[in-house]
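Analysis of the macromolecular model
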Amino acid sequence: MYSAGANCNGNIWFFVNDHVEVHVVSDIEQEITLKLFLQEHNKYMITNLVYAKYDDHERLKLWDRGDFNVVLNDEEKICGTPSVPQDYEDFAFCINSHELEETSFKGSPFTWWNGRAKNNSIYERLDRIAVNSHMQNWFGNVEVERLSRTGSDYAPLFTTLDNWPGDSDGNLVLNFKKKIKQVKGALSAWRKVAFSDIFKQLIIREEIVRVKEQLFEDEPTVENRCILQLAQAEMKKHLHFDEEFWKQKSGCTWFAEGDKNTKFFHSIVNGRRKRLQVKRIQDADRLWLENKEGIAQGAVQFFQDQFTQEAYNSDFSTINIVPKLITDEYNEMLCALPTEDEVKKAAFDKVRVLVVQMDYQISPNQSGFVKNRSIIDNVLLTQETVIDIRKKGKPANVIIKLDMTKAYDRVSWQFLTKVLETMGFDGAFADQIWRLLANNWCSVLLNGQSHGFFRSTREVKQSDPLSPTLFVLAADVLSRALNSLFDHEQYKG
């Protein structure tokens, strides 16, 4: 819910939500001072809203508070009578004496236009928002954006206050997680307040329209007609909400704006649900499961077996063929605390950059997921090899085709961390990778319902951009093991 208020002559309006308590400190014709209590942050904030008179004599009452109807320098005015220092030196002195600073500004700096064209047009920056150091330190980032003019020669200003509680612990990643969680909660609360149950509200609005129509038929007065039109407008608004919901649900992006065919979107959604519905599955014993409970249990059991490490191997002698590839300089870069710019990017970028820098050290047989290499090269090489060894006069040869089924889903976390340590990655960095991988809980979404909740003990995520890099590092062990057979006397022909 929102509340509104105005100053004594109605020229200055303010609107606040129910989380803010408002106390009027002073109220005059050209200015109103508010003391705002922000309940969510348990803090007070003083806000001055000024709408100054155009005539300089009528503005005299504001001089001890500041004149908000002049520019601060000659660059804030285009055309018209040139501004001279005598016009704005008092206002500039007021700003400086109160230790106020202007906020960052987006858009055109000119907030007022006299509405005329060509040589008669005048543009000035008469509206501004200034804050003190306490305000800057509290909110961190205060930004003002100039919006388009609508129905006035003044442009509205939209202020964004970036305040995230809990930023004082210094952990940028943890703070980012907290911010995302706060955004989720805020959006959920806003949805409940702004839309509630759109389907239930639509039914209520339709019933209200029927009642108002009957009332207008019984008494066709102007007042009843206005009431009916308001009810119809509310129903159209909720019909629009219903239409937008089914547009998003259907996932269609090719229809033109303005298409109002909710039945069509219903059919798209229902058709997709029918096509994607799982009616039976085959279990590990090749038995068909057709009832809902059996299908759900079978699906959960399948993925739980797939993402569970069957047995932990303590023999990692194969890894000994992997040389140390990571230098101390790279380790120092990987283990350093991230900067703000790095937090804005994905954390895996550092590892991907590292792999690009050492891609020449990855086995040349490994062509997938490595920059400047293509897996197609291996396909062409295989075709040429098969054709060549079939020619007459060639000695006996053998080709072994290895198919890594569900390769991503079967990557052992323990094996991967051992590979990282053998390659020379710092133990702290390998521990970070382990923590990213090991904190995985899964559910199976089947026919629109979630089933099961289990923890995976192996796999790298398919959609995680970090996964190709980790998979390349693990698969490089296999490439080096096969290459080592050429140097082994037992396997020479």
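Refer to the structure above for everything that follows.
This section reports on the structure supplied with the text. The model shown is predicted, which means the values in this text are computed figures rather than measured ones.

How each quantity is defined
- Once a new chain begins, its residue numbering starts again from 1 and follows that chain's sequence as written.
- Reporting in this predicted model follows two pLDDT cut-offs: at least 70 for local features of residues, and 80 or more for side-chain atom pairs to be given and counted; totals over whole chains, interfaces and linings ignore these cut-offs and use all residues.
- Side-chain metrics rest on all non-hydrogen atoms present in the structure, leaving aside hydrogens and water.
- Centres within 6.5 Å are what make two rings of Phe, Tyr or Trp a pair, Trp counting through its six-membered ring; a difference in plane orientation under 30 degrees is then read as stacked, over 60 as edge-to-face, and the rest as tilted.
- Put simply, DSSP marks the helices as runs of H or I at least four residues long and the strands as runs of E at least two long, and each gets a number from the N terminus on.
- Exposure classes here rest on a 1.4 Å probe applied to the protein chains alone. A residue is buried below 20% of its type maximum, exposed above 50%, and partly exposed in between.
- To sit over a ring, a charge needs its Lys NZ or Arg CZ within 6 Å of the ring centre and within 35 degrees of the ring normal.
- Comment: axis = line fitted to C-alpha atoms, over the contacting stretch for helices; angle = value between 0 and 180 degrees taken between N-to-C directions.
- With respect to orientation, any angle under 35 degrees is reported as roughly parallel, any angle over 145 as roughly antiparallel, any angle of 65 to 115 as roughly perpendicular, and every other angle as oblique.
- Any two residues whose heavy atoms approach within 4.5 Å at even a single point are treated as in contact.
- The classification used treats Ala, Val, Leu, Ile, Met, Phe, Trp, Tyr, Cys and Pro as nonpolar, Asp, Glu, Lys and Arg as charged, and all other residues, Gly among them, as polar.
- Here a polar contact is recorded for every N or O atom pair within 3.5 Å, except that within protein the pair must consist of a potential hydrogen donor and a potential acceptor, and residues adjacent in sequence are included only if both atoms are side-chain atoms.
- The pairing criterion is simple: DSSP has to find at least two bridges between the two strands.
- Two helices crossing with the near one rotated counterclockwise from the far one by less than a right angle form a left-handed crossing, whereas a clockwise rotation gives a right-handed crossing.
- What the arc describes is the spread of directions from the helix axis to the C-beta atoms.

1. What to know about the packing of aromatic side chains
Enumeration according to the criterion identifies 8 aromatic pairs in this entry. Ring centres 5.2 Å apart and planes at 15° place the aromatic pair Trp-441 and Phe-453 in the stacked group. One end of the pair, Trp-441, is in strand S16 (residues 441-446); the other, Phe-453, is in strand S17 (residues 449-455), with 12 residues separating them in the sequence. Relative accessible area serves as the criterion here: at 46%, Trp-441 is assigned to the partly exposed category. A relative accessible area of 60% means that Phe-453 is categorised as exposed. Ring pairing ties together the aromatic residues Phe-302, Phe-303 and Phe-307, which thus form one cluster. Lying over the aromatic face of Tyr-44, Lys-35 brings its terminal NZ or CZ to 4.6 Å of the ring centre.

2. Some words on the packing of helix H12 (residues 413-423) against helix H14 (residues 467-484)
Relative orientation of the contacting elements H12 and H14 amounts to 80°, with a least axis distance of 10 Å. Comparing the axis directions of H12 and H14 gives the class roughly perpendicular. Between H12 and H14, the contacting residues are Phe-415, Leu-416, Val-419, Leu-420 and Met-423 on the first element and Leu-470, Leu-473, Ala-474, Asp-476 and Val-477 on the second. Here the contact of H12 with H14 is built from residues that sort into 9 nonpolar, no polar and 1 charged.

3. Examining the side chain of Ser-412
Within the element layout of this structure, Ser-412 appears in the loop between helix H11 (375-389) and H12. A distance of 3.3 Å separates the side chain of Ser-412 from the backbone nitrogen of Phe-415, its partner in a polar contact. Those residues within four positions of Ser-412 in sequence are excluded, and the remaining contacts are Gln-309 and Arg-458.

4. Brief notes about the sheet that holds strand S6 (residues 77-78)
Pairing is antiparallel across the open sheet formed by 3 strands, whose spatial order is S6-S10-S9. Taken across any chain shown, the strands that pair with only one partner, and hence form the sheet edges, are S6 and strand S9 (112-113). Here S6 pairs with strand S10 (residues 123-124) via 2 bridges, running antiparallel. When the bridges of S10 are listed, Ile-78 appears paired with Tyr-123.

5. Quick word on the packing of H12 against helix H13 (residues 427-438)
Between H12 and H13, the least distance of the axes is 10 Å, while the angle of their chain directions is 160°. When the interaxial angle is binned, H12 and H13 end up roughly antiparallel. As for how H12 packs across H13, the hand of that crossing is right-handed. Touching Trp-413, Gln-414, Leu-416, Thr-417, Leu-420 and Glu-421 of H12 are Ala-430, Ile-433, Trp-434, Leu-437 and Ala-438, all from H13.

6. Digging into the sheet that holds strand S3 (residues 20-27)
Taken together, 3 strands build an open sheet; the order of strands is S3-S4-S5 and the sheet is antiparallel. Only two strands of the sheet have a single partner each, and these edge strands are S3 and strand S5 (43-50). Between one strand axis and the next, the sheet turns by 25° as a mean value, whatever way the strands run. Pairing analysis gives 8 bridges linking strand S4 (residues 31-38) to S5, with the strands arranged antiparallel. Residue pairing for S5: Leu-38 is matched across the bridge by Lys-43.

7. Notes on H12
Turning to H12, its buried residues number three or more, namely Trp-413, Leu-416, Thr-417, Val-419, Leu-420 and Met-423. Seen from one end, H12 has its buried residues packed into an arc of 155°, which puts them on one side. Against the buried residues of H12 lie H13 and H14. Looking one or two places after H12, you find Gly-424, whose phi comes out positive at around 105°.

Geometric descriptors of this kind do not, in isolation, establish any biological role.
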